[in-house]
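Remarks on the overall topology
As a plain string of letters, each chain reads:
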Amino acid sequence: MTYEFLQHYWCFVVSLLGAILVFLLFVQGANSVARSLGYTEEGRRLVYNSTGRKWEFTFTTLVTFGGAFFASFPLFYSTSFGGAYWLWMIILFTFVLQAVSYEFQNKIGNFLGPRTFQFFLTLNGIVGPLLLGGAVATFFEGSNFIIEKDNLIDVGAMTPIISRWANASHGLDALLNPWVLVFGFAVVFLARTLGILYVMNNVNDEDIRSRGSVRLIGAAVPFLILFVAYLVHLILKDGYAVNAEGLIYMEPNKYLTNLLQMWYLLVLLLIGVVLVLFGIGKTIMSKEYVGGIWPAGIGTVLVVLALLLTSAWNGTAYYPSTADLQSSLTLQNSCSSEFTLRTMFYVSLLVPFVLAYIVYCWWAIDKKKLDKDELKTDHAY
């Protein structure tokens, strides 16, 4: 295990967590269309109880994703989570609102009323995927930060801070880039698509399933248009490359070159796209088929994983700086020590056991499809 192998290994682990997180955004997506998917109050409660069984998985994966980045690539963590804190604070705030809303929307003594907390769930369902998608897009579009490592050894420096944001927006400036918004809204509609597919699979209610087929078209079409537009933009744009000496420079069609040279990522991307289209298409065409969440979900993980690895492997700066090109972060200049990465490698061998536990919990929760009788139990939201 060389230092370079460990850097690429942990990039893969973090990217896989990010890909799983995007899939789990089906919770947010379903909540954002709950009022149209469940037309009656009882129907909406069915949707919220369906997603309420899974919101902890999404939140835990988000925290784990941040923790893995902190341990393996601490300079990215301090730069993005510390510098772009308004972006991440809004994301975390909406997730906290989500957790509170599930528990209190139908509690006795709720003076704000159920609709207030349902609005918070809708807010999280739109803002969460939009900003998380925007954050992913900055891996290709860049962010406005500056790295000054000399501050660590400069005795005259006021504080030993080596990364800072170049403006006062602290991350919100990314939303001024139209391509960041295109990718962000693509993730919003992807989350809605996955959310509808999940509810159709998880809730045993003919009214919701019939409405889901129609709502699925309204979510899938904008997603496909936005995703294809961004993918074309990505393969045509100049990318942020790094040479053997660590010098960052602009390379024409860098991300297309990455996909061609790392053909296995291109294969992964194409397989993922086919699976997503299959899950959506078969659900729309067949009234009896409600298992579309599984091919579409697996396809989503494969596509996002391929894109994230394309942004970092093959001599690419995975977190480019638009303020100072040489401040851009690469696997080599932002990772932890070899000792840390090697130690965590052995700890990561426990991950399959954790995944097996998650799969078991998922199966135990969903072994009985949700129906209206569930709303009469004590643990209903």
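Residues numbered from 1 in each chain as written. Predicted model: local features only at pLDDT ≥ 70, side-chain atom pairs only at ≥ 80, totals over all residues. Heavy atoms only, no water.

What about the environment of Leu-275?
Selection rule: Helix numbering and strand numbering both begin at the N terminus, where a helix is a DSSP run of H or I of at least 4 residues and a strand a DSSP run of E of at least 2. For the exposure calls, accessible area comes from a 1.4 Å probe over protein chains only, and a residue counts as buried if that area is under 20% of its type's maximum, exposed if over 50%, partly exposed in between.
Looking at the secondary structure, you find Leu-275 in helix 12 (residues 263–285). Given the relative accessible area of 26%, Leu-275 is considered partly exposed. In this structure, the C-alpha to C-alpha distance between Leu-275 and Ile-298, residues 23 residues apart in sequence, is 7.2 Å.

Describing the pairing of strand 3 (residues 239–242)
Inclusion rule: Strand pairing follows a simple DSSP-based rule, namely that at least 2 bridges must link the two strands.
Neither face of strand 3 is exposed, since Gly-239 and Ala-241 on one face and Tyr-240 and Val-242 on the opposite face are all buried. Note: strand 3 against strand 4 (residues 248–251), 4 bridges, orientation antiparallel. Looking at strand 4, one finds that Tyr-240 is bridged to Met-250. The hairpin turn running from strand 3 into strand 4, its antiparallel successor, is 5 residues long, and Gly-246 in that turn takes a positive phi close to 90°.

Notes on the pattern of salt bridges
Selection criterion: Salt bridge criterion: a side-chain nitrogen from Lys or Arg within 4 Å of a carboxyl oxygen from Asp or Glu.
Counted according to the given criterion, the structure contains 2 salt bridges. Salt-bridge contacts for Asp-207 lead to Arg-211; the nearest nitrogen and oxygen are separated by 3.5 Å. Placement of both Asp-207 and Arg-211 in helix 10 (residues 206–236) is noted, with a separation of 4 residues, approximately one turn of the helix. Among the residues examined, Arg-211 registers a relative accessible area of 21% and is labelled partly exposed. The partner of Glu-338 in a salt bridge is Arg-342, and the shortest N-O contact between them spans 2.8 Å.

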